[in-house]
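Letter by letter, the chains look like this.
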Amino acid sequence: MPVLKNAQHEKFAHEHAKGKTADEAYQLAGFQPNRGNASVLKQKESTSNRVTEILKQAEENDRKANERVIEKLAIPKERVAAELAKIAFLDIREAVRWGRSPVDTESENANPNGLGIYPVELVPSDQISGGRY
């Protein structure tokens, strides 16, 4: 559907498509506030069809923009699979070091079930081999 011949009706359609209420869109299109007239214009077939068309075009524009972004940031599937394999097959002992003796087992902060709390240290990422596959 082409642009509406009446510029105010076209402006109304755009504002309504942006999410404005019929009353708000009516006033933003340059009309004097009139709830009844706003409702009538909203229900008019040509206006309603134009709002639908504007929404579809916006959706299509968003889809195309998303496709362009995806193309720019695209990572080959093989690389994604290789990175996932590194994570899946990583030996946890390469990423975490557990302390050899319990910490703080005698104070009020001790674990109430009597089990010792062993310190855990994360290994710096540059010291992790990345798994074996």
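Residues numbered from 1 in each chain as written. Predicted model: local features only at pLDDT ≥ 70, side-chain atom pairs only at ≥ 80, totals over all residues. Heavy atoms only, no water.

Novice: Just checking my understanding: could you explain the environment of serine 46 for this structure?
Specialist: Positionally, serine 46 belongs in helix 4 (residues 45-73). In this structure, the C-alpha to C-alpha distance between serine 46 and valine 3, residues 43 residues apart in sequence, is 10.0 Å. (Helix = DSSP H or I, 4+ residues; strand = E, 2+ residues; numbered from the N terminus.)

Novice: How do you make sense of the nonpolar core when you look at a structure like this?
Specialist: Where a protein is soluble and globular, its nonpolar side chains tend to be buried together. Grouped together as the largest cluster of nonpolar side chains are eight residues: Phe12, Ala22, Ala25, Tyr26, Ala29, Phe31, Ala38 and Leu41. One finds Leu4, Ala13, Ala17 and Val51 within the second-largest nonpolar core, a separate group that totals five residues. (Core = buried A, V, L, I, M, F, W, Y, C linked by side-chain atoms within 4.5 Å. Buried < 20%, exposed > 50% of the residue type's maximum accessible area, 1.4 Å probe, protein only.)

Novice: Please clarify how the pattern of salt bridges should be interpreted in this entry.
Specialist: Charged atoms that come close allow side chains of opposite charge to pair. Applying the stated criterion across every chain yields a total of 11 salt bridges. Its salt-bridge partner being glutamate 83, residue lysine 86 comes within 3.5 Å of it at the nearest N-O pair. One end of the pair is lysine 86 and the other is glutamate 83, both in helix 5 (residues 77-88) and three residues apart, which spans about a single turn. Exposure remark for lysine 86: the relative accessible area of 31% places this residue in the partly exposed category. Among the charged side chains, a network of salt bridges with common partners joins Glu60, Arg63, Lys64 and Glu67. (Salt bridge = Lys/Arg side-chain N within 4 Å of Asp/Glu carboxyl O.)

Novice: Whenever I open this one, the packing of helix 1 (residues 7-17) against helix 4 confuses me. Can you help?
Specialist: Packed helix pairs are characterised by how far apart their axes lie and by the angle those axes make with each other. Two numbers describe how helix 1 lies on helix 4: the axes approach to 9 Å, and their chain directions differ by 50°. Relative to helix 4, the element helix 1 is oriented oblique. Crossing angle aside, the handedness with which helix 1 passes helix 4 is right-handed. In this structure, helix 1 uses Glu10, Phe12, Ala13, His14, His16 and Ala17 to contact helix 4, whose residues at the interface are Thr47, Arg50, Val51, Ile54 and Leu55. Within the contact of helix 1 with helix 4, the residues separate by chemical class into six nonpolar, three polar and two charged. (Axes fitted to C-alpha atoms, helices over the stretch in contact; angles between N-to-C directions. Parallel < 35°, antiparallel > 145°, perpendicular 65-115°, else oblique. Left-handed = near helix turned anticlockwise from the far one by under 90°. Contact = heavy atoms within 4.5 Å. Nonpolar A, V, L, I, M, F, W, Y, C, P; charged D, E, K, R; others polar.)

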